[in-house]
Amino acid sequence: MLKINSYSWILIFVVVSLFLMDNLSVTAATSNKGMTLENKATVIVNGEKATFKEPILNKNGHLFLPMRNLYEMIGATVHWESKSKTASAERIGNQVAITLNSTTANVNGKPVIVNVPPFLYQDKTYVPIRFLSENLGGSVIWNAPTREVDIQLEESQEPSPPELNEPYYLQI
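Calculation notes
Residues numbered from 1 in each chain as written. Predicted model: local features only at pLDDT ≥ 70, side-chain atom pairs only at ≥ 80, totals over all residues. Heavy atoms only, no water. Core = buried A, V, L, I, M, F, W, Y, C linked by side-chain atoms within 4.5 Å. Buried < 20%, exposed > 50% of the residue type's maximum accessible area, 1.4 Å probe, protein only. Helix = DSSP H or I, 4+ residues; strand = E, 2+ residues; numbered from the N terminus. Contact = heavy atoms within 4.5 Å. Pairing = 2+ DSSP bridges.

Undergrad: Could you give an account of the nonpolar core, with specific residues and numbers?
TA: Core analysis: the largest hydrophobic core is formed by 29 residues, its most contacted members being V43, Y71, M73, I98 and I151. Looking at this core, the elements with two or more residues in it are β3 (42–45), β6 (62–66), α2 (67–73), β8 (86–91), β9 (94–99), β10 (104–107), α3 (129–135) and β15 (148–153). With four residues, α2 is the largest single contributor of residues to this core. Those residues within four positions of V43 in sequence are excluded, and the remaining contacts are E48, K49, A50, F52, I56, M73, I129, V149 and I151. Counting residues in each nonpolar core, the second largest holds eight residues, with L37, F64, V116 and Y121 among its members.

Undergrad: Talk me through the pairing of β10; I want residue IDs and the actual numbers.
TA: On β10, burial follows the alternation: A105 and V107 on one face are buried, whereas T104 and N106 on the facing-out side are not. Across three bridges, the pairing between β9 and β10 is antiparallel. Each residue of the ladder has a partner; that of I98, found in β10, is A105. Linkage of β9 to β10, two consecutive antiparallel strands, is achieved through a turn of four residues, within which N101 is found at a positive phi near 60°. Here β10 pairs with strand β11 (residues 110–113) via four bridges, running antiparallel.

Shown next as structure tokens:
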């Protein structure tokens, strides 16, 4: 019959405890290739809470959402170029094109560095919330204690009437 000494029991207890603690932490954040799921993070756009089917991801301290979710949430028009793997968006006259796994984006026709490039996760293209929101006419505030991303978007820009240097007379 197999004898288990006190050291073996301690080892079994430690292994089981670590396994249980690891499983408990998975509900809060699951790691995968340097990413964590932000299950407790909330996104608020112009004062209204946004909900998503897909998870919010944290990669190197930057929050990401699936491309289409983010673009539609902020009212941008979306275009996906599958050959170049580039996601384009336009909102209130601002244009952003961001390519999968590239640290260079195109903002209003100019190259701009992206701190953390977009990536694929569960067959979805994930894009950085702050970079896209700010380059499409919004501001982003991260509230760490409440785990809230507050995005304030500029309203659509209406064309201003032309300035007239001369008085305008209507003749009847």
